Amino acid sequence: MARYILAIDQGTSSTKTLIFDEAGKAVAKASAPLTSYYEGSFAEQAPQEILDNVLDSVAACFSQFQARGGAVADIVTCGISNQRETFVIWDKQGAPLYNAVLWQCKRSVEICARLASDATASRLIRERTGLIIDPYFSGTKVLWLYENVARVRAAIDAGEAYFGTVDTWLLYKLSGGRCYFTDYTNASRTMFFNLRTLDWDAELLALFGLSKLNLPAIKPSSAAFGATDLGGLLPSPLGIGAMIGDSHAAAFGEGCYYTGAAKATMGTGCSILMNVGNAVKDSRNGMVSTICWSTGDKVQYALEGVIVTCGATIEWVKQELGLFSDSAQTEGLALSVPDNGGVYLVPAFSGLGAPHWDMGRKASISGLTFGSSRAHIVRAALESIPYQIKDVISAMEADTGILLRQLMTDGGISGNKFIMQFLADLLGKEVANIGIADVSALGAGYLAGLHAGVFASIESLAGLHKQGSVFRPAGDGRLAGFYEGWKRAVGGA
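So, here is what we can say about the structure in this document. (Residues numbered from 1 in each chain as written. Predicted model: local features only at pLDDT ≥ 70, side-chain atom pairs only at ≥ 80, totals over all residues. Heavy atoms only, no water.)

Comments concerning the packing of aromatic side chains
Let me state the cut-off plainly: For this analysis, a ring pair means two rings from Phe, Tyr or Trp (six-membered ring only for Trp) whose centres lie within 6.5 Å, classed as stacked if their planes differ by under 30 degrees, edge-to-face if by over 60, and tilted for the remaining angles. Put simply, DSSP marks the helices as runs of H or I at least four residues long and the strands as runs of E at least two long, and each gets a number from the N terminus on. Burial status follows relative accessibility: with a 1.4 Å probe on protein chains alone, a residue under 20% of its type maximum counts as buried, one over 50% as exposed, and anything between as partly exposed. Sitting over a ring, as applied to charges here, requires NZ of Lys or CZ of Arg to be within 6 Å of the ring centre and within 35 degrees of the ring normal.
Throughout the structure, instances matching the rule amount to 23 aromatic pairs. When the centroid spacing of 5.8 Å and the interplanar angle of 75° are considered together, the rings of W90 and Y180 count as edge-to-face. Residue W90 is found in strand β7 (residues 87–90), and its partner Y180 is found in the loop between α6 (166–174) and β10 (181–183); the two are separated by 90 residues along the sequence. Looking at W90, the relative accessible area reads 0%, which means it is buried. For Y180, a relative accessible area of 16% puts it in the buried group. For the pair Y162 and Y180, a centre-to-centre distance of 5.7 Å together with 70° between the ring planes defines the contact as edge-to-face. Linking Y162 in strand β9 (residues 162–165) with Y180 in the loop between α6 and β10, this pair joins segments that are 18 residues apart in sequence. Judged by relative accessible area, Y162 falls into the partly exposed class, the value being 22%. Chaining the aromatic ring pairs together yields one cluster made of Y344, Y387, F418, F422, Y483 and W486. The ring of F225 has K219 lying over it, and the distance from NZ or CZ to the ring centre is 5.8 Å.

And the structure:
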């Protein structure tokens, strides 16, 4: 009998549902859009709409699967990946006490400043969680709700408030309130989790005044989380064998199984996650320490660096400078000149992220002469992406003493061959793309399949995907000089 894996990737703008076969091939896929609500610095979603969105996506995927001759009874396990840091707080009846607060929400800026001014709090947060004090992470926004929403405060003080990131909220509702769990990766993004003990940190919770907040039990990413009939879409309950944050799921799906393997998701911005082995590695260079992925017998840690502007740079050059009409033209334009002609574009439109963390920095274009053409500017825009990734990888190597072995890539920008080859040349390492767009769903599916015995081992997963593109260093000796020019441009404005 064929065995299939259901993978649910609940993202910020949509939920994607895929069904994978035993070879890791997607045999059905569907997506349902999800609405977010923005007002000023607030960013929210409706908790019930998140749940309904997931069920709509699953129903559409099942319909496609069955239309192609598949039987839902042959689905043996389910894995869930989710938008990280977004959370819900609900009461003992399972009713939300407030909207889901998105990872994008900036309402807790003043609370972050208050915590950052407290030397003890800053030290404890950094040492215990591996995180920087920033509204991006869940904890300070939970504190904002406690201080500003009477209903939430009363429930927490009474010990009747339940916290969960999106994975936990979905599990709780899909299991009829019977299962209240999260995994290490999602827990590691809350500012409540101790990376070394792999548990909630009581001292930090007391520091925040949130000791009475109910928190889910924590498991490895590949584990028994419970069962669900998906709101009646299945005739009998299906086991959930994996839950994991989406960026971590992508790292696993792309094969970052070993120390020194890294992935870069190149979209509007860029998230770089590097597997640093089975022990926490602290950063002195602007990285975040986190969990990479985990199974029942193995926990792999990671450093993460976030680049604020990646594909958004190309879009800005297109829309505001009008140097091309289609992003596909950029590759040819960049290759039409032998180098950038000394032109550098530092894309600090919203400041510079890791490892610089200079959020007051402004974007700049430097090195222009009468000999500069639009091709030089376009090439400089494309080159800014590999340069920023090199900055992050170099910082990770300096923090850990671990050298990059291979960089896996995903996201729309990874289709640009100029950027990929330049990146390989700049890093001096292979840069690969496995050729699968839905790597977060794939990672969740792999982890669920491991728990269910569909896949024999992590090692067996490595041979499932041989297709895709691999870019190898061409030995261009000019790159070191180009990179020095980039560093001068970053530091010069």
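So, next bit.
A look at a nonpolar patch on the surface
Note the cut-off: Any residue with relative accessible area above 30% and no salt bridge may belong to a patch, with like charges joined within 9 Å and the nonpolar Val, Leu, Ile, Met, Phe, Trp and Tyr side chains within 5 Å. Accessibility throughout is a Shrake-Rupley quantity obtained with a 1.4 Å probe, and a residue counts as covered only by protein chains that appear here. Each salt bridge in this description consists of a side-chain nitrogen of Lys or Arg and a carboxyl oxygen of Asp or Glu lying within 4 Å of one another.
Together, L321, I365 and L368 give the surface a local cluster of nonpolar side chains, amounting to about 230 Å² of exposed area. Relative to the elements of secondary structure, L368 occurs in the loop between β21 (364–366) and α12 (374–400).

Some thoughts on the sheet that holds strand β22 (residues 406–410)
Two strands in a sheet stick together by hydrogen bonds in their backbones, pointing the same way (parallel) or opposite ways (antiparallel). Put simply, the test is: Only strands joined by at least two bridges in the DSSP assignment are considered to pair. The angle between two axes is taken between their N-to-C directions and runs from 0 to 180 degrees, where each axis is a line fitted to C-alpha atoms and a helix contributes only its stretch in contact.
The strand order across the open sheet formed by seven strands is β18-β19-β17-β16-β22-β23-β24, and the pairing between neighbours is mixed. Here the strands that pair on one side only, and so sit at the sheet edges, are β18 (288–295) and β24 (469–471). With strand direction ignored, the average angle separating the axes of adjacent strands in the sheet is 25°. Relative to strand β17 (residues 270–277), strand β16 (residues 261–266) is paired through five bridges, and the arrangement is antiparallel.

With respect to the layout of surface pockets
Our working definition: The definitions used throughout rest on a 1 Å grid laid over the protein atoms alone, on which a cavity is an enclosed set of points accommodating a 1.4 Å probe that cannot get out and a pocket is an open set flanked by protein within 12 Å on both sides along at least five of seven lines; lining residues are those having an atom within 4 Å of a point. Grid points are joined across faces, edges and corners, and a volume is the space filled by probe spheres set on the points. For this classification, the nonpolar set comprises Ala, Val, Leu, Ile, Met, Phe, Trp, Tyr, Cys and Pro, the charged set comprises Asp, Glu, Lys and Arg, and every other residue, Gly included, is treated as polar.
In this structure, the largest pocket occupies an estimated 1600 Å³ of space. Forming the boundary of the largest pocket are 42 residues, of which W103, Y136, G269, C270 and S271 lie nearest the centre. Where the lining of the largest pocket is concerned, the elements lending two or more residues are β2 (14–20), α9 (246–253), β16, β17, β19 (298–307) and α14 (439–452). Computed from the structure, the second largest pocket encloses a volume of approximately 380 Å³. Of all the secondary-structure elements, those providing two or more residues to the lining of the second largest pocket are β22, β23 (430–433) and β24. Considering each element in turn, the lining of the second largest pocket owes the most residues, three residues, to β23. Its residues assigned to classes, the lining of the second largest pocket comprises nine nonpolar, eight polar and three charged.

Here's the deal with the packing of helix α1 (residues 47–67) against α6
Angle between the axes and distance between the axes: these two values describe a pair of packed helices. To keep things clear, this is the line we draw: Any angle between 65 and 115 degrees counts as roughly perpendicular, while under 35 counts as roughly parallel, over 145 as roughly antiparallel, and the rest as oblique. A contact between two residues is defined here by any heavy atoms of the two lying within 4.5 Å.
Across the interface, α1 lies against α6 with an axial gap of 10 Å and an inter-helix angle of 75°. Between α1 and α6, the angle falls in the class roughly perpendicular. Residue-level contacts link P47, Q48, I50, L51, V54 and L55 of α1 to V166, W169, L170, K173 and L174 of α6.

Details of unusual backbone geometry
Going from A354 to P355, the amide bond is cis rather than trans, its omega being -5°. Residue placement: P355 occurs in the loop between β20 (344–346) and β21. A positive phi angle, near 70°, is found at E85, a position not held by glycine. One can find E85 in the loop between β6 (75–82) and β7. A relative accessible area of 2% places E85 in the buried class. A positive phi angle is found at M191, which is not glycine, with a value near 80°. Of the residues examined, M191 reaches a relative accessible area of 0% and is grouped as buried.

Regarding α6
Where burial is concerned, most of α6 is hidden: eight out of the nine residues are buried. Within the sequence span of α6, burial applies to V166, D167, T168, W169, L170, L171, Y172 and L174. Looking one or two residues beyond α6, the residue adopting positive phi is G176, at roughly 65°.

Thoughts on the pattern of salt bridges
Using the criterion set out here, one finds 19 salt bridges in the structure. A salt bridge links R189 to E304, with the shortest nitrogen-to-oxygen separation between them at 2.8 Å. Of this pair, R189 sits in the loop between α7 (184–187) and β11 (193–194) while E304 is found in strand β19, placing the two residues 115 residues apart along the sequence. No difference in accessibility class separates R189 from E304, as the two residues are buried. Through salt bridges that share partners, R84, E85, R189, D246 and E304 make up one connected network.

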